[in-house]
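# Working through the structure, step by step
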Amino acid sequence: MDVANLYIGTAGWSYADWKGIVYPEVQPRGFHALDVLARWFNMVEINSSFYRPPSARNAEAWARRVAPYPEFQFTAKIWQRFTHERGAWPSEPEIRQYTEGIAPLREAGRLGAVLAQFPWSFRRTAENRQWLARVCDCFAGYPLVVELRHASWDVPELYAGFAAREIAFCNIDQPIFDDSIAPSAHVTAPLAYVRLHGRNYEHWFREESGPNDRYNYLYSEEELNPWLERIQAMRGRARSVYAVTNNHFRGQAVANALEIAAGLGAAKYGGLPPGLLAAYPRLRALAREGP
């Protein structure tokens, strides 16, 4: 199967609870997580850029880390200042702080997309439509992906507007409540994007729950199969498709990303660590089959 236009990876790479599962419990001198993930995947989504703009120095270092993998791409979440902290529009210095931080990845040809992730509370109102338009204008020169979680955005006008501007709509898997946007396979730009958040209904909206609670979920094969079909369909309509697993707790995102890659004929299984195979025994079949 030709997988030239398919990028699969995890949301983030720096998680303490991945030690002993994805990464060694005791990490040797010079260890870096990207050295591990780049052996199995051809992309990773930068999660830390949501909380604070990356430094150009770090971005340069990330690009150097994946130099042995010419096809490897990063996607970067846009700083929450643009998506969650909406009291006032970001200042010019704040905008530059973010764009200059990711510039080395763009200059190195390693920036596959930037992702504006809006919360479920961001509903389709006149005020929010204006804010979204400003975000789209601000990042018009980038391969932009927009994630919207509330069902009020599921209207033909949105998809038509995105397509006219070649903005990618982010197709997501999340716990489905009355006003949650449902799984989809929209292609509104040369690139298509998928994010799988898990289906932890119990903790998704609980205020006292932390990220580890919300994203503690392992997809079954039966739950992944419809997404394999959607991703394959999107590949026929997009120049490139990015599939990202965000169910990060205890490396479940790694396990499911490996299974997605296997299901689409794009897996690289070499060197799966014993901790990962012990935590998720069904991966042993992939380790036996792959190079």
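Look up: the structure comes first, before these words.
Another point: the nonpolar core. Membership of the largest hydrophobic core comes to 95 residues, with the highest contact counts inside it found for Trp13, Leu37 and Phe74. For Phe74, the contacting residues outside a window of four places in its chain are Trp13, Leu34, Val44, Ile46, Trp62, Ala63, Val66, Leu105, Arg110, Leu111, Gly112 and Ala113.

This brings us to the pairing of strand S4 (residues 111–117). Counting buried positions along S4 yields 7 of 7 residues, so the element is predominantly enclosed. Of the strand pairs in this sheet, strand S3 (residues 73–77) and S4 are connected by 4 bridges, and their pairing is parallel. Bridge pairing in S4 places Lys77 opposite Leu115. Examined bridge by bridge, S4 and strand S5 (residues 144–147) share 4 bridges and lie parallel to one another. Its bridge partner being in S5, Leu115 is matched across the sheet by Val145. With helix H4 (residues 126–138) bridging S4 and its parallel neighbour S5, the resulting β-α-β unit is right-handed.

Before going further, it helps to examine the packing of aromatic side chains. Applying the stated criterion across every chain yields a total of 22 aromatic pairs. Between Tyr98 and Phe139, the ring centres sit 5.9 Å apart and the planes meet at 85°, which makes this aromatic pair edge-to-face. Placement of the pair is Tyr98 in helix H3 (residues 92–107) and Phe139 in the loop between H4 and S5, with a sequence separation of 41 residues. Judged by its relative accessible area of 0%, Tyr98 falls in the buried class. The exposure class of Phe139 is buried, given its relative accessible area of 1%. Through pairs of rings, three or more aromatic residues link up here, namely Trp79, Phe82, Trp89, Tyr98, Trp131, Phe139 and Tyr142. The lysine or arginine in question, Lys77, covers the ring of Phe50, its NZ or CZ lying 4.7 Å from the ring centre. Positioned above the aromatic ring of Tyr142 is the side chain of Arg106, whose terminal nitrogen or guanidinium carbon lies 4.0 Å from the ring centre.

This part takes up the environment of Arg129. Residue placement: Arg129 occurs in helix H4. By relative accessible area, which is 47% here, Arg129 ends up partly exposed. In the structure, Arg129 is positioned 24 residues away from Trp153 in sequence and 9.6 Å away in space, judged by C-alpha atoms. Once residues within four sequence positions are removed from consideration, Arg129 is found in contact with Arg124 and Trp153.

Positioned with a positive phi, Glu166 is a non-glycine residue whose angle comes to about 55°. With respect to the helices and strands, Glu166 occurs in the loop between helix H5 (156–165) and strand S6 (168–173). For Arg250, which is not glycine, the phi torsion reads 55° and is therefore positive. Here Arg250 lies in the loop between strand S8 (240–245) and helix H9 (252–263).

Rules behind the numbers
Residues numbered from 1 in each chain as written. Predicted model: local features only at pLDDT ≥ 70, side-chain atom pairs only at ≥ 80, totals over all residues. Heavy atoms only, no water. Core = buried A, V, L, I, M, F, W, Y, C linked by side-chain atoms within 4.5 Å. Buried < 20%, exposed > 50% of the residue type's maximum accessible area, 1.4 Å probe, protein only. Contact = heavy atoms within 4.5 Å. Helix = DSSP H or I, 4+ residues; strand = E, 2+ residues; numbered from the N terminus. Pairing = 2+ DSSP bridges. Right-handed = clockwise from strand over helix to strand, strands pointing away. Phe/Tyr/Trp six-rings, centres within 6.5 Å; stacked < 30°, edge-to-face > 60°. Lys NZ or Arg CZ within 6 Å of the ring centre and 35° of its normal.

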